[in-house]
Amino acid sequence: MISMHCSSTPQVPCRQAAFYAWRPAGGHLHRSHQSQRRFAFACWALASQKSDLSAVVIGSGFAGLSAAARLTRDFAQVTLLDRDHFTDAITEEESDDPELWRQHYEAETRRRLGVTQYKQPHVMLQKGLELIEEIFPGYQQELAQAGALDIDLLSDIIVYDWDKEWLPGHSSGTRSLAASRHLYETVLRKFVLRISNLKVQTSAAVNGLAYNAEEQRVTGVHLKSGQMLDADLVVDASGRHSDVSKWLEQLGHKPPSTMTVEAGLQYTYRMYEMPEDPDRQWSIAVCIDNPEYNRTAVMVPIETNKWQLNLAGYKGHHCPTDEEGFLQFAKDMPSPTIYEAIRHAKPLSDISAYRNTGNFRRLFEKAPPPDGLCVIGDAVCCFNPIHGQGMTVGLMGSQLLAKCIGEQLKGSAGSERQHQLAALNGLPAKFHSQLGRLVDYPWTVSVGPDAQYVLLLLLVVVFLVSALLAACQPGSACLAC
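As the structure is a computational prediction, the values presented were derived from the model and not from experiment.

Reading the values: the criteria
Residue numbers restart at each chain and count upward from 1, following the sequence in its written direction. It should be noted that, the model being predicted, local features are given only for residues of pLDDT at least 70 and side-chain atom pairs only at 80 or more, the latter also being counted only at that level, while totals for whole chains, interfaces and linings use all residues. Processing note: side-chain calculations cover all non-hydrogen atoms of the structure and skip hydrogens and water entirely. The helix count covers DSSP runs of H or I at least four residues long, the strand count covers runs of E at least two residues long, and both are numbered beginning at the N terminus. Three exposure classes are used, based on accessible area relative to the maximum for each residue type with a 1.4 Å probe and protein chains only: buried under 20%, partly exposed in between, and exposed over 50%. Throughout, a residue-residue contact means that at least one pair of heavy atoms, one from each residue, lies within 4.5 Å. Reported accessibility uses the Shrake-Rupley method at a 1.4 Å probe radius. Residues are deemed covered only where the shown protein chains occlude them. Pairing between strands is defined by DSSP: at least two bridges between them are needed. Orientation is described by lines fitted to C-alpha atoms, with helices fitted over the stretch in contact, and by angles between N-to-C directions that extend from 0 to 180 degrees. Here pLDDT means the predictor's own confidence in every residue, given as a number from 0 to 100. Polar contacts, as counted here, are pairs of nitrogen or oxygen atoms within 3.5 Å of one another; within protein the pair requires one atom able to donate a hydrogen and one able to accept it, and residues that are adjacent in sequence qualify only if both atoms are side-chain atoms. Put simply, buried Ala, Val, Leu, Ile, Met, Phe, Trp, Tyr and Cys residues joined by side-chain atoms within 4.5 Å make one nonpolar core. We define a salt bridge as a side-chain nitrogen of Lys or Arg found within 4 Å of a carboxyl oxygen belonging to Asp or Glu. For classification purposes, angles smaller than 35 degrees are called roughly parallel, those larger than 145 roughly antiparallel, those between 65 and 115 roughly perpendicular, and all remaining angles oblique. In this scheme, a crossing is called left-handed if the near helix is turned counterclockwise away from the far one by less than a right angle; it is called right-handed if the turn is clockwise. Any residue outside Ala, Val, Leu, Ile, Met, Phe, Trp, Tyr, Cys, Pro, Asp, Glu, Lys and Arg is labelled polar, Gly included; the first ten of those are nonpolar and the last four are charged. Cysteine sulfur atoms are paired as a disulfide whenever they fall within 2.5 Å.

(A) Spatial organisation of the overall build of the protein chain. When its secondary structure is counted, the protein chain shows 14 helices and 21 strands. Counting across all 481 residues of the protein chain, residues that qualify as buried make up 58%. A sequence separation of at least 24 residues applies to 75% of the contacts in the protein chain between residues at least 6 apart. Accessible surface computed for the protein chain: about 19,500 Å², of which carbon and sulfur atoms make up 51%.

(B) Seen up close, the sheet that holds strand β1 (residues 54-58). Strand order in this open sheet of five strands is β7-β2-β1-β11-β20, and the pairing throughout is parallel. Single-partner strands in this sheet number two, and they are β7 (198-201) and β20 (373-375). Put simply, the sheet's adjacent strands are angled 20 degrees from each other on average, direction ignored. Inspection of the sheet shows strand β2 (residues 77-81) paired to β7 by four bridges, in the parallel sense.

(C) Seen up close, the environment of Gly 414. Structurally, Gly 414 is set in the loop between α11 (390-409) and α12 (417-423). For the pair Gly 414 and Asp 52, spaced 362 residues apart in sequence, the C-alpha to C-alpha distance is 8.3 Å.

(D) Representation of the confidence of the model for the protein chain within the structure. The pLDDT averaged across the protein chain works out to 79; a share of 75% of its residues lies at or above 70. The low-confidence segment residues 1-44 (pLDDT under 50) makes 102 contacts with residues lying over four places distant or belonging to another chain. Of the regions scoring below 50 in pLDDT, residues 453-476 engages in 65 contacts with residues more than four places distant in sequence or in other chains.

(E) Focus on the side chain of Ser 242. Among the secondary structure elements, Ser 242 is positioned in the loop between β11 (233-236) and α8 (244-250). For Ser 242, a relative accessible area of 7% puts it in the buried group. A polar contact of 3.3 Å, which involves the side chain of Ser 242, links it to the side chain of Ser 238. Among residues more than four places away in sequence, those in contact with Ser 242 are Asp 236, Arg 362 and Ala 379.

(F) Summary view of the nonpolar core. In terms of nonpolar packing, the biggest core is built from 82 residues, with Leu 71, Phe 136, Tyr 139 and Val 221 touching the most fellow members. The greatest single-element share of this core, amounting to nine residues, is contributed by α11. Non-local contacts of Leu 71, meaning those with residues more than four positions away in its chain, are made with Ala 55, Val 57, Val 78, Leu 233, Val 235, Leu 401 and Ile 405. Met 274, Ala 285, Met 333 and Ile 351 belong to the second largest nonpolar core, which has 23 residues in total.

(G) Inspection of unusual backbone geometry at higher detail. Phi at Gln 216 is positive, roughly 50 degrees, even though this residue is not glycine. Within the secondary structure, Gln 216 sits in the loop between β8 (206-212) and β9 (217-223). Its relative accessible area of 53% is what places Gln 216 among the exposed residues. Its identity is not glycine, yet Thr 304 carries a phi of approximately 55 degrees, on the positive side. Secondary-structure assignment places Thr 304 in the loop between β15 (295-302) and β16 (306-313).

(H) Quick peek at the pattern of salt bridges. Following the criterion strictly, the structure yields 14 salt bridges and no others. Close ionic contact of Asp 150 with Arg 175 constitutes a salt bridge, the shortest N to O distance being 2.7 Å. Here Arg 175 lies in strand β6 (residues 175-178) and Asp 150 lies in strand β3 (residues 149-152), a separation of 25 residues in the sequence. Looking at Arg 175, the relative accessible area reads 34%, which means it is partly exposed.

(I) A look at the packing of helix α5 (residues 126-135) against α11. Here α5 crosses α11 at 40 degrees, and the two axes come no closer than 8 Å. Of the possible angle classes, the one that applies to α5 and α11 is oblique. At the point where α5 passes α11, the crossing takes the left-handed sense. For the pair α5 and α11, the contacting residues are Lys 127, Gly 128, Leu 131, Ile 132 and Glu 134 in the first and Thr 392, Leu 395, Met 396 and Gln 399 in the second. Its residues assigned to classes, the contact of α5 with α11 shows four nonpolar, three polar and two charged.

(J) Quick peek at the packing of helix α2 (residues 62-71) against α11. Between α2 and α11, whose axes approach to 8 Å, the crossing angle comes to 25 degrees. Here α2 is positioned roughly parallel relative to α11, judged by the angle of their axes. For α2 against α11, the interelement crossing comes out right-handed. Within the contact between the two elements, α2 uses Phe 62, Ala 63, Ser 66, Ala 67, Arg 70 and Leu 71 and α11 uses Met 391, Gly 394, Leu 395, Ser 398, Gln 399, Leu 401, Ala 402 and Ile 405.

(K) Main features of the sheet that holds strand β19 (residues 359-362). Ordered in space as β12-β19-β21, the three strands form an open sheet in which the pairing is antiparallel. Edge positions in the sheet fall to β12 (258-261) and β21 (381-382), since each has one partner strand and no second. Alignment of β19 against β21, held across two bridges, turns out to be antiparallel. Bridge assignment links Phe 360 to a residue of β21, and that residue is Cys 382.

(L) How the structure looks around the pairing of β9. Among the seven residues that make up β9, five are buried, leaving the element largely enclosed by the rest of the structure. Pairing analysis gives six bridges linking β8 to β9, with the strands arranged antiparallel. The partner of Tyr 211 across the bridge, within β9, is Val 218. Counting the residues in the hairpin turn of β8 and β9 gives four residues, including Gln 216, whose phi is positive at 50 degrees. The pairing of β9 with strand β10 (residues 228-230) spans three bridges and is classified as antiparallel. If you follow His 222 over to β10, its bridge partner there is Met 228. Where β9 folds back on β10, the antiparallel hairpin that results is connected by four residues, among which Gly 226 adopts a positive phi of roughly 105 degrees.

(M) Examining the state of the cysteines more closely. Counted according to the given criterion, the structure contains zero disulfides. No disulfide involves Cys 404; its sulfur sits 8.1 Å from that of Cys 374, the nearest cysteine.

(N) Spotlight on the environment of Thr 174. Residue position: Thr 174 is located in the loop between β5 (164-166) and β6. Along the backbone, Thr 174 and Ser 155 are 19 residues apart, and their C-alpha atoms lie at a distance of 9.8 Å.

Written out as structure tokens, the structure reads:
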């Protein structure tokens, strides 16, 4: 278990939160308080009558931020908790100075203790961007203004697969915005902080659930500081390392069974400054070695002309973490594209390894939590990050939760509080039954290749197949459309 430190000091109310976004190359620093976007969100938030109930969301990653925002439609008060402390503001001087930017980025990465893969490359699939835009109109525009790069998920990718290197050269029509996890999350958090009935409490570590044994209902959370927060609904979005199973055991409630598929994969990561190259025809580079060596490399562009590079290998073929070994691993890949790109590039970070890459799932659909508690995001199902599905599936889970809550509370607004609370009875069982079906497809995509320790088409699934799916079966999680 990871140690956590907290205090009970709440964050400044949302109306007074200020955020300065990174400027794109050659752009201008701007402060974002656009009245039209505030109005658009206000219309969305007022689309349904609120109950008199309160909710607590644990964890402010993508699933937690999205769930908290969606719950403000139906709950009078939503409190978003995170054990980490955030310093999102970046000064004009920092945005101009690459070294100051790097220091800020690395400092924030170290603070995100709850997201162990925080600085690894992330790619938001088109479905994920659409889900955020649904609740926060203007998110993609703000992200682009902050430096995210517009990419086509086919024509902007060069792929080496075993013995062939190909650059499609024609557009797929399916686009995404390439950025660091830090930028994706920071811009989203800015939108969330605008919501008037949402309170954010950082440095707040949860160490247990409050419980009414007579009603068999979770009634809030206990913080490590000794503070207790009452809530009519608790949503655990605290990620892969969630203690929800331990908390349920403490209540005398049966925890769910789990599934784990380990592939023995290790990433070795480094960030580079992207050198100018007018002849470069690609934005993302992917190299898949033949199955005998089980190695792969992926390089993704992010804001402020940076590259994030992952060199990955399965058991027996892990990339070294020393300078010479790291470069030699890149050089030994069957395609020279990535090695030639970084050979004269300036490193902007240390070399670091990430080993916690197994697929893990808690089967809440078979043993749902008690009333008053729902679990979403990586706390339910987390994938080998090489498949690039985690953020989007987490956002889809929060959308499903809001849908189920809306159905449960329909017609109860304006009634007595106890009637509203009773309307939520059975929510965890209903939600987790549907969530289990939703994650079945991305889970199968992820564990299929991993179960055989084969890299065949692994990264192609991430960047191409999921992007080009034109239709999906009812009830499945099609991430591209």
